[in-house]
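# Overview (structure and organization)
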Protein chains: 2
Amino acid sequence: MAITSKKNQYALRAIFELAKHSGKGPTKISEIARTQAIPARFLEVILGQLKGSGLVESKRGFYGGYYLIRSPDEITVGDIFRFMESPSNGAECLACVSKANCPFDGNCAFSSMWRQVKDAIYQIYDATTIQDLLNHEKQRITARTGVQNLSGEATRI
Amino acid sequence: MAITSKKNQYALRAIFELAKHSGKGPTKISEIARTQAIPARFLEVILGQLKGSGLVESKRGFYGGYYLIRSPDEITVGDIFRFMESPSNGAECLACVSKANCPFDGNCAFSSMWRQVKDAIYQIYDATTIQDLLNHEKQRITARTGVQNLSGEATRI
DNA sequence: CCTTTCTCGACTATTTTGGTCGGGAAACTT
DNA sequence: AAGTTTCCCGACCAAAATAGTCGAGAAAGG
């Protein structure tokens, strides 16, 4: 029903937030939780898991927190979601893509369609880097400024 | 996590089964349940709902059952899933596609990606007719026959 | 009127999701 | 060394969604 779970979205937003601070030292769970509107205690769990992905690392103590170990343009949304949905972390996707989930051993009239769908989804995820998302954010803000001008506010040159 | 729910898959398979018998009068729930490996009592519920979609109709009594009211090449997978996921039947899809599900009012760095994904999925669903699936089934059987030949069985000419 | 099949609403069970909690362990400060 | 501050870990819990069941009734036809 849902494109993805809240947990996956939290994972993505957390990494997105880390990317904003990329190269500036660790970011605390509490800060990520605040700016991305994620329950802090739950985020702990998620980031803990994400350490297994090789995308993030952490440090304890006063100046501790989480940080990325690749640059934002070398991390794709697909990297994140593939890890979050890997068999060790959760169940394989439903539908006859895999033999196990098909009453006809994955050899049914629908399996080709399910595969197409899964491929189409991951084609987008794999083509979207965290840097792309940062750029979207930037554009979004610029666009909003433009709108505000039209609505009558003056801009200092 | 899952591409779609079991219920949606059951709905699709049920209509697929009806399509096989298209034009040959009604098919009983019990038969669909058997050939498509769906719990009969649950299928009752699903087909009951599907009547609201304008795709199927039913008849009671000994010669009763369900039947399609459009031809299989005029029904797409999209028609079925869009109906099954319509607000009256279930919740709107998660992720920032709609304002309601986004902590930042649908105006976030991710919304564009979520929309792309949703569109990509439905592009496939809408392009796949039930007739297409019937054709896949046919090809699948032919292919299997071919394989059986290769494995040593003789074919009568 | 008898059988068969759909019909309807309520009801239940199971799984997944979305979280919480308490206490411990590293890191840095003073 | 003591004290903060942060991550770390495993268990635990609650709510929602999903998957499925049940009993009684109502049309259709023989």
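Residues numbered from 1 in each chain as written. Chains lettered and ligands numbered in written order. Predicted model: local features only at pLDDT ≥ 70, side-chain atom pairs only at ≥ 80, totals over all residues. Heavy atoms only, no water.

Moving on: the overall build of chain A. Per the secondary structure count, chain A includes six helices and two strands. N-terminal to C-terminal, the α/β element order of chain A is α-α-α-β-β-α-α-α. Out of the 157 residues in chain A, the part that is buried amounts to 43%. Pairs at least 24 apart in sequence give 60% of the contacts found in chain A among residues at least 6 apart. (Helix = DSSP H or I, 4+ residues; strand = E, 2+ residues; numbered from the N terminus. Buried < 20%, exposed > 50% of the residue type's maximum accessible area, 1.4 Å probe, protein only. Contact = heavy atoms within 4.5 Å.)

Residue and element names in this part refer to chain B. In total, this model carries 14 salt bridges over all chains according to the counting rule given. For E137, the salt bridge identified is with K20, shortest N-O distance 3.5 Å. Residue E137 is located in helix α6 (residues 130-150), and its partner K20 is located in helix α1 (residues 6-20); the two are separated by 117 residues in the primary sequence. The buried category is assigned to E137, whose relative accessible area is 16%. Overall, K20 belongs to the partly exposed group, its relative accessible area being 33%. Among the ionic pairs, D79 bridges to R70, the shortest N-O distance being 3.5 Å. (Salt bridge = Lys/Arg side-chain N within 4 Å of Asp/Glu carboxyl O.)

All names here are of chain B. Looking at the secondary structure, you find S5 in the segment before α1. S5 gets classed as partly exposed once you look at its relative accessible area, which sits at 21%. A polar contact of 3.2 Å, which involves the side chain of S5, links it to the backbone nitrogen of N8. (Polar contact = N/O pair within 3.5 Å; in protein donor to acceptor, adjacent residues only side chain to side chain.)

For the rest of this paragraph, the subject is the protein's contact with DNA strand D. If you check the shell around DNA strand D, you find 24 residues, and the closest are I29, K51, S58 and Y66 of chain A together with R41 of chain B. Across the atoms of DNA strand D situated within 4 Å of the protein, the share located in sugar and phosphate is 62%. The contact in question runs from a phosphate oxygen of DNA strand D to an N or O atom on the side chain of K51 of chain A, over 2.6 Å. Among the elements of the structure, β1 (56-59) and β2 (65-68) of chain A together with α1 and α3 (40-50) of chain B are those that each provide at least two residues to the surface near DNA strand D. Partitioned by chemical class, the residues of the surface near DNA strand D number nine nonpolar, five polar and ten charged. (Near = heavy atom within 4 Å. Nonpolar A, V, L, I, M, F, W, Y, C, P; charged D, E, K, R; others polar.)

Here we come to helix α2 (residues 29-36) of chain A. All names here are of chain A. Of the positions making up α2, those classed as buried are I32, A33 and Q36. Buried residues of α2 fall within an arc of 100 degrees about the axis and therefore sit on the same side. Check the buried side of α2 and you find it contacts α1 (6-20) and α3 (40-50). Just downstream of α2 lies A37, where phi reads positive at about 55 degrees. (Arc of directions from axis to C-beta.)

Next up on the list: the protein's contact with DNA strand C. Around DNA strand C lies a shell of 24 residues, among which R41 of chain A together with I29, K51, S58 and Y66 of chain B are the nearest. The sugar-phosphate portion of DNA strand C accounts for 65% of its atoms within 4 Å of the protein, the bases making up the rest. The contact in question runs from a phosphate oxygen of DNA strand C to an N or O atom on the backbone of I29 of chain B, over 2.7 Å. The class makeup of the residues in the surface near DNA strand C is nine nonpolar, five polar and ten charged.

Of all hydrophobic cores here, the largest spans 81 residues; its most connected members are L12, I80 and Y125 of chain A together with L12, I80 and Y125 of chain B. Beyond its immediate stretch of four places on either side in the chain, I80 of chain A contacts A11, L12, I15, L55, I75 and I130 of chain A. (Core = buried A, V, L, I, M, F, W, Y, C linked by side-chain atoms within 4.5 Å.)

Backbone geometry at A37 of chain A places phi at a positive 55 degrees, although glycine is not the residue there. Secondary-structure assignment places A37 of chain A in the loop between α2 and α3.

A word on helix α4 (residues 77-84) of chain B. With six of its eight residues buried, α4 of chain B lies for the most part within the structure. Where α4 of chain B is concerned, the buried positions are V77, G78, I80, F81, F83 and M84 of chain B.

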